[in-house]
Amino acid sequence: MAKFEEVKNGVIFPVGEKNEAYAQYFIGQSYLNNLIADPKVNVGVGNVTFEPGCRNNWHIHHDGFQLLLVTGGEGWYQEEGKAAQFLTAGAVIVTHDGVKHWHGAAKDSWFEHLAITAGTPEWLEPVSDELYNQL
């Protein structure tokens, strides 16, 4: 049994639907509940839930940023050229414009964060199993 099973039901906000729109940029299953997707507001807010072992590809936010507010479970965040950071509920990550990074669940835990994002994402290569399995 995976740790933090309760996360799959949503911690603060509902878990949302399977993240089919971005599935090609993830290894494993994620879920997305768009909390703010107003074209008159240049920032999006989504509740993203990751099944154990799920992670997104390396990516960059151009002309913007991404803020991650961890609400449940255990996961990882890594910027290119830096050590991965272990994340638990209450962690806050600030990703500045143009920084290559990835984030996702620990191998044995559900993981959930709010993603506050501005700008245009550029999706890159998947996080290799070799890199991920070393965490």
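Preceding this paragraph is the structure being described.
Residues numbered from 1 in each chain as written. Predicted model: local features only at pLDDT ≥ 70, side-chain atom pairs only at ≥ 80, totals over all residues. Heavy atoms only, no water.

(A) Here's a closer look at the overall build of the protein chain. For the protein chain, the count of helices and strands is one helix and 10 strands. Rg of the C-alpha trace for the protein chain: 14 Å, near the compact-globule value of 14 Å for 135 residues, within the 12% margin. With respect to the three principal axes, the spread of C-alpha positions in the protein chain is 45 × 35 × 25 Å. By the burial criterion, 45% of the 135 residues in the protein chain qualify as buried. Considering only residue pairs separated by 6 or more positions, the protein chain has 70% of its internal contacts joining residues 24 or more positions apart. Taken together, the 8 basic and 17 acidic charged side chains of the protein chain have centroids lying 3 Å from each other. (Helix = DSSP H or I, 4+ residues; strand = E, 2+ residues; numbered from the N terminus. Rg over C-alpha atoms; globule rule 2.2 N^0.38 Å. Buried < 20%, exposed > 50% of the residue type's maximum accessible area, 1.4 Å probe, protein only. Contact = heavy atoms within 4.5 Å. Lys, Arg positive; Asp, Glu negative; His and termini not counted. Charge placed at Lys NZ, Arg CZ, Asp CG, Glu CD.)

(B) Fine view of the environment of aspartate 129. In this structure, aspartate 129 sits in helix 1 (residues 129-133). Spatially, the C-alpha atoms of aspartate 129 and isoleucine 27 are 9.7 Å apart, while their sequence positions differ by 102 residues.

(C) Focus on the nonpolar core. Phe50, Leu87 and Phe111 are the most contacted members of the largest nonpolar core, which has 14 residues in total. Counting residues per element, the ones that place at least two in this core are strand 4 (44-50), strand 6 (59-79) and strand 10 (111-123). It is strand 6 that contributes the most residues to this core, three residues altogether. The contacts of phenylalanine 50, once residues within four sequence positions are left out, are Phe26, Gln29, Ser30, Arg55, Asn56, His103, Gly104, Ala105, Ser109, Trp110, Phe111 and His113. If you look at the next biggest cluster of nonpolar residues, it comprises six residues, including Trp58, Trp102, Val127 and Tyr132. (Core = buried A, V, L, I, M, F, W, Y, C linked by side-chain atoms within 4.5 Å.)

(D) Layout of the packing of aromatic side chains. Applying the stated criterion to the full structure yields nine aromatic pairs. Through a chain of ring-to-ring contacts, three or more aromatic side chains come together here, namely Tyr22, Tyr25, Phe26, Phe50, Phe111 and Trp123. The ring of tyrosine 132 has arginine 55 lying over it, and the distance from NZ or CZ to the ring centre is 4.1 Å. Cation over ring: lysine 100 sits above tryptophan 58, and NZ or CZ is 5.6 Å from the ring centre. (Phe/Tyr/Trp six-rings, centres within 6.5 Å; stacked < 30°, edge-to-face > 60°. Lys NZ or Arg CZ within 6 Å of the ring centre and 35° of its normal.)

(E) Region of the structure containing unusual backbone geometry. Its identity as a non-glycine residue notwithstanding, phenylalanine 4 has a phi of 60°, on the positive side. Following the sequence through the fold, phenylalanine 4 ends up in the segment before strand 1 (17-18). Assessed through its relative accessible area of 32%, phenylalanine 4 is described here as partly exposed. Residue aspartate 63 is not a glycine yet carries a positive backbone phi of 55°. Checked against the element boundaries, aspartate 63 lands in strand 6. Owing to a relative accessible area of 73%, aspartate 63 belongs among the exposed residues under this scheme.

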